[in-house]
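# Examination of the molecular architecture
Residue-level listing of the chains:
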Amino acid sequence: MPTAQSESTENKLLSVVGRPIPRVDGPLKVSGTATYTSDHNFPGMLYAVPVPSTIAKGSIAALDTTAAEKMPGVRAMFHRENIGRFFRVPPNADFSIVIDERRPPFDDDTIRYYGQYVALAVADSLEQAKAAADAVKVTYHEETPDVRTKLTQEQEPKVESQRGDATAAFNTAPVKIDQTYVTPAETHNPIELHATVAVWDGTAFTLYETTQSIKNHQLAMSAMLGVPPENVRVVSRFLGSGFGGKLWPWTHDVLAAAAARNLKRPVKLVVDRKMMFQTVGHRPLTQQRIRLGATANGTLVSTQHDFLNHSSILDDYDEGCGEATPHLYRCPNLRITSGVVHLNVGTPTAMRGPGAVPGLFALESAMDELAVKLNIDPVELRLRNDTQIDEALNLPFTSRHLKECLTAGAEKFGWHQRTPGVGSMRKDGLTLGWGVAAATWIANRLDCEATIDLKADGSVRVACGTQDIGTGTYTMLAQIVAEALGIDPDKIEVVLGDTALPTGPLSGGSMVTGSLVPAIMEAADNAIQKVQLAATTAGPFSGQTAENLVFSNGRLHRKDQSPVNGVPYEQVLQAANINSVSGTGRSQGDFTDLLGLTKPKLSSHSFGAQFVEVTWQPEIARLRVSRVVTAIDAGRIINPRTGRNQIEGAVVMGVGMALFEHTTYDDQNRGAPINSNLADYVVSTNGDAPEMDVIFLDYPDTHLNALGARGIGEIGLAGVASAIASAVYHATGVRVRELPIRIEDLIT
Ligand code: MOS
């Protein structure tokens, strides 16, 4: 092989991290051969359909399944009396097993939210099961549900963060903002419905499952079903996204598993779109009062953020709206409080950017109001209040470039052309509005393992019990392994989504990439050492010591030889008659920092800035988000193509958050989430997608891992709604503090 070509190949391979390679699982998906949960079918498989309650508060007076039991194909009608026992997940403070709705299904006869499952029909076909579920007669003692949208504090507020004297500083501040911001309940609505296919072999379960954490699912199912964890295998090869709704198990999961165990037949249960609005979580309604005090030149002297969110009757879900507030700006006096208000709604859960996303809508809207009041440019106001110290922890940041996000984004957007007057900018007969918001999201690492096998056929297998929720985990892992071994990503087979594999991280909190890098690097080193050892037993290096052999770019060579004269590792393995060598690596988590269980040494977050243009046609009351520029500081970007996809997807979702999404619990209709379908619950479509630019600053954050990669799954949503609301104010003069922004809000 000519030397020059080898060298250029080497250079190419060495920089595989950072290359925009197409998704390695793309062909499987576009050809329809990727196996999603509900694609699993087994001989003798039965179909389960839950019976949801049609009231939101009260109790079951009578449940009559006799007619349903006699219907064709019906194998069982399960309810509280005959399904068997479900245990509760033991309470834990360390995140070791997580479940949001702690009450197991069928636990009592009390109804606490609309859609709560009261029975389960199991039949030979989906249609038969559906018909049987519809034939169940339930009578209720009905009470008036509480689904109000104006929240009032139930108990003493919980102090989430505090420094200085925020009240005194606010009282004496020359300039003040005191406003309340509201974000509605939002339903995740991934394209793929929640589903489970449960198989029981008499001893053990195999659960094909739509989950963002196969490991947590295994532990939770083990606890609730009363079987040891090694007798619960959870498989999730492909997911049609989750947005947080699939992080933790829901009540249908144990129902399907119990049905399979009781009937000794595989059981498939798919949660339909309507039930998705009732029983598998949502982002709760938040009501957030923000008080900012500043000097005349815009220096923050006091920040108060008091928020309430709704939860279900039995669970204390805390949205954590104050997550970003303590560290985003320099401010000596700060106080954040929270409160949970228990309503007759299903249990809320994390939705993309939980806490920070609704929290930043409030905080960044208030910052824009402060900028207007002070007549200071909103970018300039944020630059003046930047900090290099996380004042909540009194620690420096691992890597913070918010200022550069603001300036680089402003440059790309053309912000210097902005004129501040309301309605002062026009283009092609349209009124333009320009708005900006800062963004931030946590950066943490989870405990995890991965195994790399180098094989005699020249291929590489990397295995990890994590899952790809559609964000590009398969691709990112292929790239990191390729980088670690110096070989082509095409040679790498990535195997995910099975608890039989080494324990991987959950797909949440934008933590998978940052978590896996150390494990992969260590696994690669260990696999390489095994090749070196194998080489000493036979073949061209036999008799050498392993220490004298170097592995570079997939080849083995003596220390005193040039890498280009090395022998490909597969030839080494072939000569030694070894099929494959295996190395395992481990990442140590720092997630405990986030839970406040250990004291961190540095504060680790990602940052961003988002610039929005809206067009407004007052004559026909037409509002459109036309252009969004996002600048992101999320460490080193492994794949700018999948990375850009993440930010663009988040921006489009942010348009929906700002303008469309709103789950309506109807107190005129027994507390049902009334718009429980994709016609009435409006999400952004391609037609709503603005022109988008994404800038990655690409400063490696080597605190988290050797490659310096943080996560990017959530931060792209963090500033969008606020920047849109501020752009709408700039165009129309109407400040909308309650999402979604409706046309009715803008017609004055
Ligand atoms: Mo995300 S809300 O951590 O799935």
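Conventions we followed
- Residue numbering note: each chain is counted from 1, following its sequence as written.
- It should be noted that, the model being predicted, local features are given only for residues of pLDDT at least 70 and side-chain atom pairs only at 80 or more, the latter also being counted only at that level, while totals for whole chains, interfaces and linings use all residues.
- Only hydrogens and water are set aside when side-chain values are computed; all heavy atoms of the structure are taken into account.
- Under the DSSP-based scheme used, a helix requires at least four consecutive residues in state H or I and a strand at least two consecutive residues in state E, with every element numbered from the N terminus.
- When we talk radius of gyration, it's over C-alpha atoms, and the globule rule is simply 2.2 Å times the number of residues to the 0.38.
- Three exposure classes are used, based on accessible area relative to the maximum for each residue type with a 1.4 Å probe and protein chains only: buried under 20%, partly exposed in between, and exposed over 50%.
- By definition in these notes, contact holds between two residues if any of their heavy atoms fall within 4.5 Å.
- All accessible-area figures derive from a Shrake-Rupley calculation using a 1.4 Å probe, and residue coverage is judged against the displayed protein chains alone.
- Grid points spaced at 1 Å over the protein atoms alone were grouped into cavities, where a 1.4 Å probe fits but cannot get out, and pockets, open sets with protein on both sides within 12 Å along at least five of seven lines, with lining residues defined by an atom within 4 Å of a point.
- Grid points are joined across faces, edges and corners, and a volume is the space filled by probe spheres set on the points.
- Any residue outside Ala, Val, Leu, Ile, Met, Phe, Trp, Tyr, Cys, Pro, Asp, Glu, Lys and Arg is labelled polar, Gly included; the first ten of those are nonpolar and the last four are charged.
- Note on aromatic pairs: the rings of Phe, Tyr and Trp (six-membered ring only in Trp) are paired at centre separations within 6.5 Å, and the planes decide the class, stacked below 30 degrees, edge-to-face beyond 60, tilted for the rest.
- Throughout this description, the term charge over a ring refers to an Arg CZ or Lys NZ atom that lies within 6 Å of the ring centre and within 35 degrees of the ring normal.
- At least two DSSP bridges between two strands are required for those strands to pair.
- Only one rule defines a salt bridge in this text: a Lys or Arg side-chain nitrogen within 4 Å of an Asp or Glu carboxyl oxygen.
- Orientation is described by axes fitted as lines to C-alpha atoms, over the contacting stretch for helices, and by angles from 0 to 180 degrees between their N-to-C directions.
- Any pair of N or O atoms that falls within 3.5 Å is considered a polar contact. Within protein, one atom must be able to donate a hydrogen and the other to accept it, and sequence-neighbouring residues count only if both atoms are side-chain atoms.
- Among buried residues, those of type Ala, Val, Leu, Ile, Met, Phe, Trp, Tyr and Cys that are joined through side-chain atoms within 4.5 Å constitute a nonpolar core.
- For a helix, the expected span equals 1.5 Å multiplied by the residue count minus one.

## Some words on the overall build of the protein
A count of helices and strands for the protein gives 19 helices and 31 strands. In terms of C-alpha radius of gyration, the protein reaches 27 Å, essentially the compact-globule figure of 27 Å for 748 residues. Here the C-alpha coordinates of the protein stretch approximately 85 × 75 × 50 Å along the principal axes. By the burial criterion, 61% of the 748 residues in the protein qualify as buried. Summarising the internal contacts of the protein: among those between residues at least 6 apart in sequence, 81% fall at separations of at least 24. Within the structure as shown, the protein displays about 27700 Å² of accessible surface, and the carbon and sulfur contribution to it stands at 50%.

## Observations regarding empty space enclosed by the protein
Scanning all chains against the criterion turns up five cavities of 30 Å³ or more. The space that makes up the largest cavity amounts to roughly 70 Å³. Among the residues forming the lining of the largest cavity, the class breakdown is three nonpolar, three polar and four charged.

## Remarks on the environment of Val-138
Assignment of secondary structure puts Val-138 in strand 6 (residues 137-142). Residues Val-138 and Met-221, spaced 83 residues apart in sequence, show a C-alpha to C-alpha distance of 28 Å. Apart from residues lying up to four places away in sequence, Val-138 is in contact with Ile-60, Ala-62, Leu-63 and Val-118.

## Some points on the packing of aromatic side chains
Applying the stated criterion to the full structure yields 14 aromatic pairs. An angle of 35° between the planes, with centres 5.4 Å apart, marks the rings of Phe-42 and Tyr-208 as tilted. Taken together, the residues Phe-42 in the loop between helix 2 (26-30) and strand 1 (46-52) and Tyr-208 in strand 10 (residues 205-209) connect sequence positions 166 residues apart. We classify Phe-42 as partly exposed; its relative accessible area is 26%. Accessibility expressed as a relative area gives 13% for Tyr-208, which makes it buried. Counting every residue linked through ring pairs, the aromatic cluster contains Phe-413, Trp-415, Trp-434 and Phe-611. Above the face of the Phe-170 ring, Lys-176 is positioned so that its terminal group lies 5.7 Å from the ring centre. The ring centre of Tyr-729 lies 4.3 Å from the NZ or CZ of Arg-735, which sits over that ring.

## Here's the deal with unusual backbone geometry
Residue Leu-739 is joined to Pro-740 through a cis peptide bond whose omega torsion reads -5°. Within the element layout of this structure, Pro-740 appears in the loop between helix 18 (720-732) and helix 19 (743-746). The phi torsion at Lys-264 lies on the positive side, around 55°, for a residue other than glycine. Here Lys-264 shows up in the loop between helix 7 (251-263) and strand 12 (267-270). Phi is positive for Asn-394, which is not a glycine, with a value near 55°.

## What about the pairing of strand 26 (residues 580-587)?
Residues Val-581, Gly-583, Gly-585 and Ser-587 point to one face of strand 26 and are all buried, whereas Ser-580, Ser-582, Thr-584 and Arg-586, pointing to the other face, are not buried. Bridge analysis of strand 20 (residues 448-455) against strand 26 gives eight bridges, and the strand direction is antiparallel. Bridged to Leu-454 within strand 26 is Val-581.

## Here's the deal with the pattern of salt bridges
On inspection of all chains with the given rule, the structure shows 33 salt bridges. Glu-142 is paired through a salt bridge with Arg-670; the nearest N and O atoms lie 3.1 Å apart. Residue Glu-142 is located in strand 6, and its partner Arg-670 is located in the loop between strand 29 (665-666) and strand 30 (672-673); the two are separated by 528 residues in the primary sequence. Overall, the relative accessible area of 41% leaves Arg-670 in the partly exposed class.

## A word on the sheet that holds strand 7 (residues 158-163)
The sheet built from five strands is open, its strands ordered 7-15-14-13-8 with mixed pairing. Edge positions in the sheet fall to strand 7 and strand 8 (175-183), since each of these pairs with one other strand and no more. On average, each strand axis in the sheet is tilted by 10° relative to the strand beside it, whichever way the strands run. The sheet contact formed by strand 8 and strand 13 (residues 286-294) spans nine bridges and is antiparallel. Residue pairing in the sheet places Tyr-181 in a bridge with Gln-288 of strand 13. The strands touched by helix 10 (residues 356-374) are strand 8, strand 13 and strand 14 (300-311); relative to strand 8, the strand with the most contacts, the crossing angle is about 145°.

## A word on the sheet that holds strand 18 (residues 425-427)
Pairing within the open sheet is mixed, and its five strands lie in the order 18-19-27-28-31. This sheet does not close on itself; its edge strands, each paired only once, are strand 18 and strand 31 (691-696). When strand polarity is set aside, the average angle formed by the axes of neighbouring strands in this sheet is 30°. The sheet contact formed by strand 18 and strand 19 (residues 430-442) spans three bridges and is antiparallel. Across the sheet, the residue bridging to Lys-427 is Leu-430, located in strand 19. Contacting strand 19, strand 27 (605-617), strand 28 (622-633) and strand 31, helix 12 (residues 402-413) runs over the sheet at an angle of about 30° to strand 27. Across the sheet, helix 18 touches strand 18, strand 19, strand 27 and strand 28, and the angle it forms with strand 19 is around 155°.

## A look at the environment of Arg-112
Locating Arg-112 in the fold gives a position in the loop between strand 4 (110-111) and strand 5 (117-123). Along the primary structure Arg-112 and Asn-553 are separated by 441 residues, whereas in three dimensions their C-alpha atoms are 60 Å apart. The contacts of Arg-112, once residues within four sequence positions are left out, are Ala-56, Arg-103, Ile-313, Leu-314, Leu-343, Asn-344 and Val-345. Within the structure, Arg-112 has its side chain in polar contact with the side chain of Asp-108 (distance 3.0 Å).

## Let's talk about the nonpolar core
Formed by 89 residues in total, the largest nonpolar core has its most connected members in Leu-292, Leu-370, Phe-611, Val-614, Ile-724 and Ile-741. Of all the elements, helix 10 adds the most residues to this core, at 11 residues. Filtering out sequence-adjacent residues up to four positions away, Leu-370 remains in contact with Val-175, Ile-177, Leu-292, Ala-294, Leu-300 and Leu-381. Ala-34, Cys-464, Tyr-569 and Val-581 belong to the second largest nonpolar core, which has 48 residues in total.

## With respect to helix 7
Helix length check: helix 7, at 13 residues, gives a terminal C-alpha distance of 19 Å against a target of 18 Å (1.5 Å per residue), a fit within 8%. Among the 13 residues that make up helix 7, 10 are buried, leaving the element largely enclosed by the rest of the structure. Within helix 7, the full set of buried residues consists of Thr-251, His-252, Asp-253, Val-254, Leu-255, Ala-256, Ala-257, Ala-258, Ala-259 and Ala-260. At its buried positions, helix 7 is contacted by strand 3 (74-78), strand 5, strand 9 (195-200), strand 10, helix 6 (214-225) and strand 12.

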